[in-house]
Structure formats: C-alpha cells, structure tokens
Amino acid sequence: GVSWNSATVNISKPELATSIAYEVKKDGTTVASAAEATEEFSQEFTEVGSYTVTASATNGTDSKVAEEVSFEIKSGSVASIAELLEKGPQSNTATFKFTRPLTVTYANGKNVYVRDSAGDALLIFNSTSVALNNGDVLPAGVAGTYTLFKNNIPELVTASLPEASA
C-alpha cells in the first residue's frame, strides 16, 4: 500500500512459534534484520522510499511460515532546506513539507527563490495563484516535490504555498 507520511509495522509471534525473524528492505537494500527476535517486531517508518518487511516464524526446527508486507512512503517533513537537500531528489511522487517558515528573496511570477533561517536557498516553481513579493514570509507548510531544475538547481515543484505575511 501507499502511506503519505509514515507507516507502522507490528509483527507478533504466532501462538505455537518459538521465535520470529525479520528482514527490512528499503528500495531493494536490506537495512535491518534479525535471525531471531523474541516476541515481536514493531517499527515506524518515516523516510520516503519503497519498503518490504518479511517475517518468518518457526516452532523449533520444524516448519517455517513467512509473511511479507510491502508499502511505500511518499512524503516526509523537513525542517530546513539543508535537510531537504540531504534527502536528495526523489521520484515525481515524493512530497516534502517544511515544518518551519521560509522567506521570499526573489519573486518573478512562477519562479520564487526562498531562504530558510540558516540562509540556505531553494527555487520554488509557484504553480499556485499566490502572489509573492520579496521579503514575504511563508509560514510552515510549504510542500512540493524536490527535483533538480536543469539537473543542477534544487527546486520544489507542484508546490503548495500557505498565505505569506509581509
């Protein structure tokens, strides 16, 4: 399935099982595993990516029962432009939402440049009808897909922009 911000996976040991084992893959790469876990496995996933969690239960040396669940996290929250840049450009379906304000440093129609409190800059393709001016402060809640404009300039597209204040 698809989750937009997070997903929690809970796996409990079946009644007749003596142990459970699990493996977590993110985008095809194993990121966590355990040959034997005690009673359960529980984890919240918040990073954007495609996940597969496989769990198996055994009753000693006898039969093994395996279950698998796959899901995709399609968005995440970021507090700063640096944090967004660390995550890297995602597929065209991954959305990021800023939890802190951004200040408009240059607005020219649909092209808007913003800075965060650390001074890092980002281009936003403003596909909304929100009119912006230099110095406007966009409150927390700016959201969009992070890409690289012309394979070089960090850009947020299909952005959702809250009302700005001067």
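Source: prediction; values computed, not measured.

Draft legend 1. Spotlight on the packing of aromatic side chains. Applying the stated rule across the entire model yields two aromatic pairs. Seen in terms of ring centroids, Phe45 and Tyr51 are 4.9 Å apart; in terms of plane orientation they differ by 55°. Their pairing is tilted. Of the two residues examined, Phe45 and Tyr51, each falls in the buried class. Plain terms: the ring middles of Tyr106 and Tyr113 are 6.1 Å apart, the flat faces sit at 50° to each other, and that makes the pair tilted. With relative accessibility at 40%, the residue Tyr106 sits in the partly exposed group.

Draft legend 2. Just the side chain of Asp116, in detail. Turning to its location among the elements, Asp116 is positioned in the loop between strand E11 (111-115) and strand E12 (121-125). Arg115 provides the closest opposite charge to the buried, salt-bridge-free Asp116, at an N-O distance of 7.1 Å. A polar atom in the side chain of Asp116 sits 3.1 Å from the backbone nitrogen of Ala118. Apart from residues no more than four positions distant in its own chain, Asp116 is found in contact with Ser80, Ile81, Ala82, Pro101 and Leu102.

Draft legend 3. Representation of the environment of Ile81 within the structure. Along the chain, the position of Ile81 falls in helix H1 (residues 81-87). According to the relative accessible area criterion, Ile81 is buried, its value standing at 0%. For the pair Ile81 and Pro154, spaced 73 residues apart in the sequence, the C-alpha separation amounts to 9.5 Å. Among all residues touching Ile81, those that are not within four sequence positions of it are Phe98, Leu102, Val114, Arg115, Asp116, Asp120, Ala121 and Leu122.

Draft legend 4. Just the environment of Val142, in detail. Inspection of the secondary structure assignment puts Val142 in the loop between strand E13 (137-138) and strand E14 (143-149). Sequence-distant contacts of Val142, defined by excluding residues within four places in its chain, comprise Phe96, Lys97, Phe98, Leu102, Ile124, Leu156, Ser160, Leu161 and Pro162.

Draft legend 5. Just the nonpolar core, in detail. Counting residues in each nonpolar core, the largest one holds 19 residues, and the members touching the most others are Leu84, Phe98, Val114, Leu122, Ile124, Val142 and Leu156. The set of elements that each furnish at least two residues to this core consists of H1, strand E9 (95-98), strand E10 (102-108), E11 and E12. Among the nonpolar cores identified, the runner-up in size contains 16 residues, and Ile11, Ala17, Val24 and Phe71 belong to it.

Draft legend 6. Expanded view of the confidence of the model for the protein. Chain-level statistics for the protein give a pLDDT mean of 81 and a share of 84% at 70 or above. Averaged pLDDT values for the elements of the protein fall to 54 in strand E1 (residues 2-3) and rise to 94 in E13.

Draft legend 7. Representation of the pairing of E12 in the model. Across five bridges, E11 lies against E12 in antiparallel orientation. For Asn111, the partnering residue across the bridge sits in E12 and is Phe125. Linking E11 to E12, which pair antiparallel, is a turn of five residues; within it Gly119 sits at a positive phi near 95°.

Draft legend 8. Inspection of the environment of Lys97 at higher detail. Residue position: Lys97 is located in strand E9. When the C-alpha positions of Lys97 and Gly76 are compared, they lie 6.4 Å apart, and in sequence the two are 21 residues distant. Contact partners of Lys97, with chain neighbours within four places excluded, come to Gly76, Ser77, Val78, Gly141, Val142 and Ala143.

Draft legend 9. Quick peek at unusual backbone geometry. For Asp27, which is not a glycine, the phi torsion comes out positive at approximately 50°. Residue placement: Asp27 occurs in the loop between strand E3 (19-26) and strand E4 (29-37). Taking the relative accessible area as the measure of exposure, Asp27 reaches 52% and is therefore exposed. Unusually for a residue other than glycine, Asn151 sits at a positive phi of about 60°.

Reading the values: the criteria
- Residues numbered from 1 in each chain as written.
- Predicted model: local features only at pLDDT ≥ 70, side-chain atom pairs only at ≥ 80, totals over all residues.
- Heavy atoms only, no water.
- Phe/Tyr/Trp six-rings, centres within 6.5 Å; stacked < 30°, edge-to-face > 60°.
- Buried < 20%, exposed > 50% of the residue type's maximum accessible area, 1.4 Å probe, protein only.
- Helix = DSSP H or I, 4+ residues; strand = E, 2+ residues; numbered from the N terminus.
- Lys, Arg positive; Asp, Glu negative; His and termini not counted.
- Salt bridge = Lys/Arg side-chain N within 4 Å of Asp/Glu carboxyl O.
- Polar contact = N/O pair within 3.5 Å; in protein donor to acceptor, adjacent residues only side chain to side chain.
- Contact = heavy atoms within 4.5 Å.
- Core = buried A, V, L, I, M, F, W, Y, C linked by side-chain atoms within 4.5 Å.
- pLDDT = per-residue confidence, 0-100.
- Pairing = 2+ DSSP bridges.

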